[in-house]
Amino acid sequence: MKKSVVLFLLIIATCSVYAQTETYKSGAVLWKISGKDLSEPSYLLGTFHLKSGEYLDSIPGAIAALQSCEQVVGEVNMSDMAGLQMQMIQVMKMTPDTTYKMLYSDEDYRFVSEKLASLIGSGLEQLGMLKPAAIQLTVIARAYMKYYPNINPANILDIRIQSEAIKEQKPVLGLETINDQIHVLFGIKNLQQQADALLCSMKNLDELMSLVPEIINDYERGNLNKLYERLRDTEICPSMSSEEETDALNKERNNAWMEKLPEIMKEKSSFIAVGALHLAGEDGLLNLLEKAGYSVEPVNM
């Protein structure tokens, strides 16, 4: 597997959400956090991992906010990408006691293998050493690259932000370890559930990918509620997410981050950049920060 694909997997957004019935903060992807015990404001940016690093210059107020902060905070610290890639490659390997012939019927095996071969040039005979979730992420990465051929995995928005901090000799913190993210990607579903999700995504790949331009449009408009609702209403592949998985992807991670962010922001003004879906909804960071007593305002300048 090419290193660029592995790198892309480390930073790809996971688009699984849970239902919401109310409207929450929306209208921007960059938000100012102030008040409570903060002597200086911090900023929260919702990123979209399909976006190139250059997109940072198009977000109103983002460069000024980044320059004003003393440190950068991301989902993970990406400074050791070689080490992160090695960890990811190891955990993506299929367990030795399981094969795809055990997970699929003959018909489904042929279908998935032929679909993979047509998309990425290799079928299950070549990719069978990888877990189904790893193959699915590879398919997503390759499909995104097909629709958006100019994407450079080494210059995605999240990497650009952390690179800017390093250039200015500012600290870069990670809210999670790579092992935390590996658990979300590979530790929630068992192998059969992963295989079922891969089969469904192969059967519905064109429909799933047709949503990408609409989702990007919602993101560029800063319409977090619409983005959330659009993804919530999409039930093309129910097997791709469960309540347990969506809680693990969003709610539980946001709650864990909220245990760290107050002290991080109090110690140093921080530019926090995480996936945009972590901002929206009742259990999103914007709502949680406001409930914790902070003032949260959109940056549209």
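Residues numbered from 1 in each chain as written. Predicted model: local features only at pLDDT ≥ 70, side-chain atom pairs only at ≥ 80, totals over all residues. Heavy atoms only, no water.

**Description of the overall build of the chain**
Here is step 1: On a plain count of helices and strands, the chain comes out with 15 helices and 6 strands.
Here is step 2: By residue count, 53% of the 301 residues in the chain fall in the buried class.
Here is step 3: For the chain, the proportion of contacts with a sequence separation of at least 24, taken over those separated by at least 6, is 83%.
Here is step 4: Roughly 13,700 Å² of accessible area belongs to the chain as shown, and the carbon and sulfur atoms make up 48% of that amount. (Helix = DSSP H or I, 4+ residues; strand = E, 2+ residues; numbered from the N terminus. Buried < 20%, exposed > 50% of the residue type's maximum accessible area, 1.4 Å probe, protein only. Contact = heavy atoms within 4.5 Å. Areas by Shrake-Rupley, 256 points an atom, 1.4 Å probe, with all protein chains shown as cover.)

**A short note on the nonpolar core**
Here is step 1: By size, the foremost hydrophobic cluster in this structure holds 86 residues, and its most contacted members are Leu 30, Leu 44, Tyr 104, Leu 116, Ile 135, Ile 161 and Phe 271.
Here is step 2: When residues of this core are assigned to their parent elements, the largest contribution, 7 residues, is made by helix α7 (residues 132-147).
Here is step 3: Once you skip the residues sitting within four places of it in the chain, Ile 161 turns out to touch Leu 45, Thr 47, Leu 56, Leu 66, Val 72, Phe 271 and Ala 273. (Core = buried A, V, L, I, M, F, W, Y, C linked by side-chain atoms within 4.5 Å.)

**Comments concerning the packing of aromatic side chains**
Here is step 1: Applying the stated criterion across every chain yields a total of 3 aromatic pairs.
Here is step 2: Between Phe 48 and Tyr 219 the ring centres are 5.5 Å apart and the planes differ by 40°, which places this aromatic pair in the tilted class. Residue Phe 48 is located in the loop between β2 (42-47) and α2 (62-68), and its partner Tyr 219 is located in helix α12 (residues 212-220); the two are separated by 171 residues in the primary sequence. Each member of the pair, Phe 48 as well as Tyr 219, is classed as buried.
Here is step 3: Taken together, the ring pairs connect Phe 48, Tyr 55 and Tyr 219 into an aromatic cluster.
Here is step 4: The ring of Tyr 109 is capped by Lys 101, whose NZ or CZ atom sits 4.0 Å from the centre of that ring. (Phe/Tyr/Trp six-rings, centres within 6.5 Å; stacked < 30°, edge-to-face > 60°. Lys NZ or Arg CZ within 6 Å of the ring centre and 35° of its normal.)

**Describing the sheet that holds strand β4 (residues 172-174)**
Here is step 1: On the basis of which strands lie adjacent, the open sheet formed by 6 strands has the order β4-β3-β5-β2-β1-β6 and mixed pairing. In this open sheet, the two edge strands, each paired with only one partner strand, are β4 and β6 (295-298). Neighbour to neighbour, the strand axes of the sheet diverge by 25° on average, direction disregarded.
Here is step 2: By the bridge criterion, 3 bridges tie strand β3 (residues 71-74) to β4 in an arrangement that is parallel. Residue pairing across strands places Gly 74 opposite Gly 174, the latter belonging to β4. (Pairing = 2+ DSSP bridges. Axes fitted to C-alpha atoms, helices over the stretch in contact; angles between N-to-C directions.)

**With respect to the pairing of strand β1 (residues 30-34)**
Walk down a regular strand and you will see the side chains alternate between the two sheet faces.
Here is step 1: With 4 of its 5 residues buried, β1 lies for the most part within the structure.
Here is step 2: As paired strands, β1 and β2 are joined by 4 bridges and run antiparallel to one another. In the sheet register, Lys 32 faces β2, and the bridge partner there is Tyr 43.
Here is step 3: Summarising the sheet, β1 and β6 pair through 4 bridges and their orientation is antiparallel. Looking across to β6, one finds that Ser 34 is bridged to Ser 295.

**Description of unusual backbone geometry**
Here is step 1: One non-glycine residue, Lys 36, lies in positive phi territory at about 55°.
Here is step 2: Residue Lys 36 is classed as exposed on the basis of its relative accessible area, which comes to 53%.
Here is step 3: One non-glycine residue, Gln 169, adopts positive backbone phi at about 60°.
Here is step 4: Note on placement: Gln 169 falls in the loop between α8 (157-167) and β4.

**Concerning α8**
Here is step 1: Among the residues of α8, those classed as buried are Leu 157, Asp 158, Ile 159, Arg 160, Ile 161, Gln 162 and Ala 165.
Here is step 2: Phi for Gln 169, located one or two positions after α8, is positive at around 60°.

**Examining the pairing of strand β5 (residues 270-275)**
Here is step 1: Of all 6 residues in β5, 6 are buried; the element is thus mostly enclosed.
Here is step 2: Of the pairings in the sheet, the one linking β3 to β5 comprises 4 bridges and is parallel in character. Each bridged residue has a counterpart across the sheet, and for Val 72 the counterpart in β5 is Phe 271.

**With respect to the pattern of salt bridges**
Here is step 1: On inspection of all chains with the given rule, the structure shows 8 salt bridges.
Here is step 2: Note that Arg 160 and Asp 57 form a salt bridge whose closest N and O atoms lie 3.3 Å from each other. With Arg 160 in helix α8 and Asp 57 in the loop between β2 and α2, this pair connects stretches of sequence that are 103 residues apart.
Here is step 3: With relative accessibility at 15%, the residue Arg 160 sits in the buried group.
Here is step 4: A salt bridge links Glu 164 to Arg 160, with the shortest nitrogen-to-oxygen separation between them at 2.9 Å. (Salt bridge = Lys/Arg side-chain N within 4 Å of Asp/Glu carboxyl O.)

**Considering the confidence of the model for the chain**
Here is step 1: Per-residue confidence for the chain gives a mean pLDDT of 84; residues scoring 70 or more make up 84%.
Here is step 2: Contacts for the low-pLDDT stretch residues 1-21, under 50 throughout, to residues beyond four places or in other chains number 75 contacts. (pLDDT = per-residue confidence, 0-100.)

**Observations concerning the environment of Glu 220**
Here is step 1: Tracing the backbone shows Glu 220 in helix α12.
Here is step 2: Along the chain, Glu 220 and Gly 27 lie 193 residues apart, while their C-alpha atoms are 9.9 Å from each other.

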